[in-house]
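# Breakdown of the fold
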Amino acid sequence: MAAKKTNSGSALATLLQGIGFLLAVLLVAHTVFVLFDFQPEGQLAQSVARAAEPLALFFPGLIDAPSRVLQVLLDYGLAAMFWMLLGGLLARILG
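The written sequence of each chain sets the order in which its residues are numbered from 1. Under the rules for a predicted model, residues below a pLDDT of 70 receive no local features and side-chain atom pairs below 80 are neither given nor counted, while totals for whole chains, interfaces and linings still include all residues. Computation of side-chain values covers all heavy atoms of the structure but excludes hydrogens and water.

The name recorded for the protein chain in an unreviewed UniProt entry is YggT family protein, from Actinopolyspora erythraea.

Structural data, given as structure tokens:
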């Protein structure tokens, strides 16, 4: 007989998945700001860039792309997918 899942396990899974999602959203926001030159001197763009840089981990420069647009998409897009996958995986394992 399968064990019942507790509410705390479900809450932990939701929290982990939500954290992964929020980190990915931050990276996607940075990507959009860079690609569309969204006021790079503005406070919002600077704050998002400062938060996104360490979250990108080792992905920037991992793959060399021929254009700036593709390079930004690869660097931060791969990092965003990583955080989404990690959040979902941890939620499935621990939740």
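### A look at the overall build of the protein chain
Going by this rule: Comment: elements are numbered from the N terminus, with helices defined as DSSP H or I runs of at least four residues and strands as E runs of at least two. As defined in this context, the radius of gyration uses C-alpha atoms, and a globule is described by 2.2 Å times the residue total to the power 0.38. Contacts are assigned to residue pairs that have any heavy atoms within 4.5 Å of one another.
Counting its secondary structure elements, the protein chain contains 3 helices and 0 strands. For the protein chain, the sequential pattern of α-helices and β-strands runs α-α-α. Relative to its length of 95 residues, the protein chain is extended, with a C-alpha radius of gyration of 16 Å against a globular reference of 12 Å. The contacts in the protein chain between residues at least 6 apart in sequence include a share of 61% that link residues at least 24 apart.

### Focus on the side chain of Thr31
Note the threshold: Remark: exposure states derive from per-residue accessible area (1.4 Å probe, protein chains only) relative to the maximum for the residue type, with buried under 20%, exposed over 50%, and partly exposed in between.
Along the chain, Thr31 falls in helix H1 (residues 7-35). For Thr31, a relative accessible area of 9% translates into the label buried. In this structure, Thr31 is in contact with Val72, Leu73 and Tyr76, ignoring residues within four places of it in sequence.

### Thoughts on helix H3 (residues 68-94)
The condition is simple: Expected span of a helix: the number of residues minus one, times 1.5 Å.
For H3, spanning 27 residues, the distance from its first C-alpha to its last is 39 Å, which sits close to the expected 39 Å at 1.5 Å a residue. Every buried residue of H3 is accounted for by Gln71, Val72, Asp75, Tyr76, Ala79, Ala80, Trp83, Gly87 and Ala91.

### Notes on the confidence of the model for the protein chain
Defined as follows: For every residue, the pLDDT score states the predictor's confidence, bounded by 0 at the bottom and 100 at the top.
Of all residues in the protein chain, 91% have pLDDT values of 70 or greater, and the mean over the chain is 86. No element of the protein chain has a lower mean pLDDT than H1, which averages 88, and none a higher one than H3, which averages 91.

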